[in-house]
Amino acid sequence: MEKAKSYHISKHDVMEAYKRVKANKGSAGIDGESITDFEKNLKGNLYKIWNRMSSGSYFPPAVKTVEIPKTDGKKRKLGIPTVGDRIAQMVVKMRLEPCVEPKFHPDSYGYRPKKSAIQALDIARKRCWKYDWVIDMDIKGFFDNIDHELMMKAVEKHTQEAWVLLYVRRWLEAPIQEVDRKIAKRTQGTPQGGVISPLLANMFLHYAFDEWMKRNYPGNPFERYADDVVVHCQTEEEAIKLRESIKRRLQKCKLELHPEKTKIVYCKDSRRRGESQHEKFDFLGYTFRPRRAMNKRRELFVSFSPAMSDKAKQNKRNEIKAWIKEVQSTGTLRELAKWINPVVSGWIEYYGKFCASELRSTIQYIDTRMIRWAKRKYDKIRNSWKKGTKWLNGIKSREPTLFRHWLWMKRNDLDRRAV
């Protein structure tokens, strides 16, 4: 007869958590075990997670640190838990999220069901037309500096289940395996990359920022996507005072508003004749700034609106270079198309929502790199860009649907002619 467990956690929940982790994919953690490796003894591995979590004897292994290059040359650290630990985190997330999700602010958009970055961008765009000024907030090292005791207080507001509180604390305190493979203790922060980290981050900022703004500054709307925040103000003076107030509030929550990266931005357009040091800001891969637009009467005017940012363009160009390099020796265009079409479709879906013309040059760059690849591969066109272009156009006429971006470019061209 199996011994009674300390905590009631169903085997069904562990199985459901595994299915969700598998759907999210992800790389191996500190133990080098992939999803495929984990599945070789799926029943045994899931039982082990359930048994240990139910008895209170589950302790998370160290989180593997990986560095992701940023467009500015710097690197961003991600924490990758093991597959088994991701499943355990998902079990807790599945229990905790339904308790907190209904309480979250409507203008919190990051990592939430039925919320998206596009929604945040659309609301920000409309509010920039209504409010003249924006506070473009940057919270310095947010994920690395979350205070554990304040975090636990936030969790305790929503659940008193002992096993949820136990494991949340253990994940907050789980050690880190640095890039040099040394194991380090963690006394604050939660690693970006963990299954439960986005939910915990939202809970922390819900109390540190969202609810505080709702109580104290109901006339200043904001959009928040995780720790990426913009706040709207009517006047520059109001924005300056509010920035200082936010700074003090975050300090009380043991966070810091970045002094250089946090900016007060003037939303300049045809109606707004003033000037400011800052007249643009980046938010979720888009740059908001004055742009030429055409109204319904086909009259040109200046609108303060979003379009794909230069940083995002450079990042995508780097990806395109990597793709072509990957197939340049033994690959074929058909293999390349199969590989990149789902990714490019995602770019079009996201960056094509607002001012799609800014996406155009990035999309065209795929063809540019393909021509360069062909010039190296085929002797007949090696020394002629004109012949390379003709070669690619020939493929386009024979197989116009081979690449997803060809269809988008054609439709985009037709839309522009119709304007």
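Refer to the structure presented above.
A brief report on the enclosed structure follows. (Residues numbered from 1 in each chain as written. Predicted model: local features only at pLDDT ≥ 70, side-chain atom pairs only at ≥ 80, totals over all residues. Heavy atoms only, no water.)

What follows concerns the overall build of the chain. Looking only at helices and strands, one finds 15 helices and 11 strands in the chain. A principal-axis box enclosing the C-alpha atoms of the chain has dimensions of 75 × 60 × 35 Å. Among the 419 residues that make up the chain, the fraction classed as buried is 47%. A fraction of 67% describes how many contacts in the chain between residues 6 or more apart in sequence connect residues 24 or more apart. When the accessible area of the chain is evaluated, it comes to approximately 22,600 Å², of which 50% is carbon and sulfur surface. Where the 87 positive side-chain charges of the chain centre and where its 52 negative ones centre are 5 Å apart. (Helix = DSSP H or I, 4+ residues; strand = E, 2+ residues; numbered from the N terminus. Buried < 20%, exposed > 50% of the residue type's maximum accessible area, 1.4 Å probe, protein only. Contact = heavy atoms within 4.5 Å. Areas by Shrake-Rupley, 256 points an atom, 1.4 Å probe, with all protein chains shown as cover. Lys, Arg positive; Asp, Glu negative; His and termini not counted. Charge placed at Lys NZ, Arg CZ, Asp CG, Glu CD.)

Looking now at helix α11 (residues 310-327). Given a rise of 1.5 Å per residue, 18 residues ought to cover 26 Å, and the 26 Å separating the end C-alpha atoms of α11 matches this to within 8%. A312, K313, K316, I320, W323, I324 and V327 are the residues of α11 that are buried. One side of α11 holds all its buried residues, which, seen down the axis, span an arc of 110°. What points out from α11, more than 90 degrees from its buried face, is the exposed set D310, K311, K325 and E326. In this structure, the buried residues of α11 make contact with β11 (300-308), α12 (333-351) and α13 (357-377). (Expected span 1.5 Å × (residues − 1). Arc of directions from axis to C-beta.)

Hydrogen bonding along the main chain pairs the strands of a sheet, whether they run parallel or antiparallel. Read across the open sheet, the 4 strands follow the order β2-β1-β4-β5; overall the sheet is mixed. For this open sheet the edge positions go to β2 (75-80) and β5 (183-184), each flanked by a neighbour on one side alone. (Pairing = 2+ DSSP bridges.)

Within the fold, E279 resides in the loop between β8 (263-266) and β9 (281-283). Measuring from C-alpha to C-alpha, the distance between E279 and M94 comes to 42 Å, with 185 residues separating the pair along the chain. Residues within four places of E279 in sequence aside, it is in contact with V265, Y266, K268, G274, F288, R289, P290 and F304. Of note is the side chain of E279, whose polar atom sits 3.0 Å from the backbone nitrogen of S276. (Polar contact = N/O pair within 3.5 Å; in protein donor to acceptor, adjacent residues only side chain to side chain.)

Below, the discussion takes up the packing of helix α4 (residues 83-100) against helix α8 (residues 162-173). Across the interface, α4 lies against α8 with an axial gap of 11 Å and an inter-helix angle of 135°. Taken together, the axes of α4 and α8 lie oblique to each other. The chirality of how α4 crosses α8 is left-handed. Packed against α4, whose contacting residues are D85, A88, Q89, V91, V92, R95 and L96, the element α8 presents W163, V164, Y167, V168 and W171 at the interface. Residues of the contact of α4 with α8, tallied by class, amount to 9 nonpolar, 1 polar and 2 charged. (Axes fitted to C-alpha atoms, helices over the stretch in contact; angles between N-to-C directions. Parallel < 35°, antiparallel > 145°, perpendicular 65-115°, else oblique. Left-handed = near helix turned anticlockwise from the far one by under 90°. Nonpolar A, V, L, I, M, F, W, Y, C, P; charged D, E, K, R; others polar.)

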